[in-house]
Amino acid sequence: MAGWFPRIYDAAMKPVEKTHFEKIRADLIRRAQGRVLEIGFGTGANFRYYRNVDRVDAIEPNPAMGKQAAKRIKKSPIPIFTYQAIAEELPFPDNTFDSVVATLVFCTIPDPIRAIQEIRRVSRPGAKILLFEHVKMDRKILGQTQEALTPIWRRLCDGCHLNRNTLGLVEQSGLNIQKVTSNYGGLFLTIECTNAL
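These numbers come from a predicted model, not from an experiment.

1. What to know about the pattern of salt bridges
Next up, step 1: Going through the model one piece at a time under the given rule, you end up with ten salt bridges.
Next up, step 2: Between Arg-124 and Asp-98 there is a salt bridge; the shortest N-O distance is 2.7 Å. Remark: Asp-98 occurs in strand S4 (residues 97-103) and Arg-124 occurs in strand S5 (residues 123-134); sequence separation between them is 26 residues.
Next up, step 3: A relative accessible area of 33% places Arg-124 in the partly exposed class.
Next up, step 4: Note on Asp-98: relative accessible area 22%, which makes it partly exposed.
Next up, step 5: When the shortest N-O distance is used, the salt bridge between Glu-118 and Arg-121 registers 2.7 Å.

2. Observations concerning the sheet that holds strand S6 (residues 176-183)
Next up, step 1: The mixed open sheet is built from seven strands, whose spatial order is S3-S2-S1-S4-S5-S7-S6. Of all the strands in the sheet, the pair left with one neighbour each is strand S3 (80-83) and S6. Sheet twist, expressed as the mean angle between neighbouring strand axes with direction ignored, is 15°.
Next up, step 2: Bridge count between S5 and strand S7 (residues 188-194): seven bridges; the pairing is antiparallel. Across the sheet, the residue bridging to Leu-131 is Ile-191, located in S7.
Next up, step 3: Each of strand S1 (34-39), S4 and S5 is contacted by helix H4 (residues 112-122), which is oriented at about 145° to S5, the strand it contacts most.

3. Quick notes on the nonpolar core
Next up, step 1: Of all hydrophobic cores here, the largest spans 26 residues; its most connected members are Leu-37, Ile-39, Ile-59, Leu-90 and Phe-106.
Next up, step 2: Elements supplying a minimum of two residues to this core: S1, S4, H4, S5, helix H6 (166-171) and S7.
Next up, step 3: The greatest single-element share of this core, amounting to four residues, is contributed by H4.
Next up, step 4: With near-sequence residues (within four places) excluded, Ile-39 lies in contact with Ile-59, Ala-87, Leu-90, Val-100, Val-101, Ala-102, Val-105, Ile-109 and Ile-119.

4. Some words on the pairing of strand S2 (residues 53-59)
Note on strand geometry: in a regular strand, side chains alternate between the two faces of the sheet.
Next up, step 1: Of all seven residues that make up S2, five are buried, and the element is covered over most of its length.
Next up, step 2: Pairing analysis gives six bridges linking S1 to S2, with the strands arranged parallel. Residue pairing across strands places Ile-39 opposite Ile-59, the latter belonging to S2.

5. Examining the environment of Ser-182
Next up, step 1: Relative to the elements of secondary structure, Ser-182 occurs in strand S6.
Next up, step 2: Residue Ser-182 is classed as partly exposed on the basis of its relative accessible area of 48%.
Next up, step 3: Considering only alpha carbons, one finds Ser-182 and His-134, 48 residues apart in sequence, at a separation of 9.9 Å.
Next up, step 4: Each residue touching Ser-182, except ones within four places of it in the same chain, is listed here: Phe-188 and Leu-189.

6. Focus on the packing of aromatic side chains
Next up, step 1: In this structure the tally under the stated criterion is six aromatic pairs.
Next up, step 2: When the ring of Phe-21 is compared with that of Phe-188, the centres are 5.0 Å apart and the planes differ by 65°; the resulting orientation is edge-to-face. Linking Phe-21 in helix H1 (residues 5-29) with Phe-188 in strand S7, this pair joins segments that are 167 residues apart in sequence.
Next up, step 3: The buried category is assigned to Phe-21, whose relative accessible area is 3%.
Next up, step 4: Arranged with centres 5.1 Å apart and planes meeting at 85°, the rings of Tyr-83 and Phe-92 form a pair that is edge-to-face.
Next up, step 5: With relative accessibility at 27%, the residue Tyr-83 sits in the partly exposed group.
Next up, step 6: We classify Phe-92 as buried; its relative accessible area is 7%.
Next up, step 7: Connected via pairs of aromatic rings, a cluster forms that spans Phe-21, Phe-132 and Phe-188.
Next up, step 8: Stacked on the ring of Phe-81, the Lys or Arg Arg-55 has its end atom at 4.1 Å from the ring centre.

Cut-offs applied
- Residues numbered from 1 in each chain as written.
- Predicted model: local features only at pLDDT ≥ 70, side-chain atom pairs only at ≥ 80, totals over all residues.
- Heavy atoms only, no water.
- Salt bridge = Lys/Arg side-chain N within 4 Å of Asp/Glu carboxyl O.
- Helix = DSSP H or I, 4+ residues; strand = E, 2+ residues; numbered from the N terminus.
- Buried < 20%, exposed > 50% of the residue type's maximum accessible area, 1.4 Å probe, protein only.
- Pairing = 2+ DSSP bridges.
- Axes fitted to C-alpha atoms, helices over the stretch in contact; angles between N-to-C directions.
- Contact = heavy atoms within 4.5 Å.
- Core = buried A, V, L, I, M, F, W, Y, C linked by side-chain atoms within 4.5 Å.
- Phe/Tyr/Trp six-rings, centres within 6.5 Å; stacked < 30°, edge-to-face > 60°.
- Lys NZ or Arg CZ within 6 Å of the ring centre and 35° of its normal.

Below you can see the structure in the form of structure tokens.
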């Protein structure tokens, strides 16, 4: 993982967070309830939006990212417990969580199919699965551009795949998709699901 990437992430994302992503994050995360698992908490951008939940267990494989989140954890009104772990091997028992949140993280997970299987395993039946992700676009030229840029982008941006079809992966996973909202011409999607009963 790029050692410089965690240090610049918040500064690089600040303009788009302020103008676009903050509202999307807030609207999605307020749907979480009970005990929450957050996948890939990064620098903790979501932590301030949790309200009516019991606690948040948050995983992040990159320790440098986790260090950046320390101030946000202290400010949170909700208990937040962090773990250095990967989404493909979640360190939790079956049927633990009422909600799972993942924002702008599935693009970086090496084995997203395994990660979804693990999310299903640790989620209770009917649990909410709340995703906000950038995806490969349906428009031919833009999709081809994403394909062409992905190899170098992945090396520069901590493993990020511009061309990942996260919605397709979710559709094949057995999760029950409740709502998909397209943002910015389909480049970003919010995907609200439930774990199959």
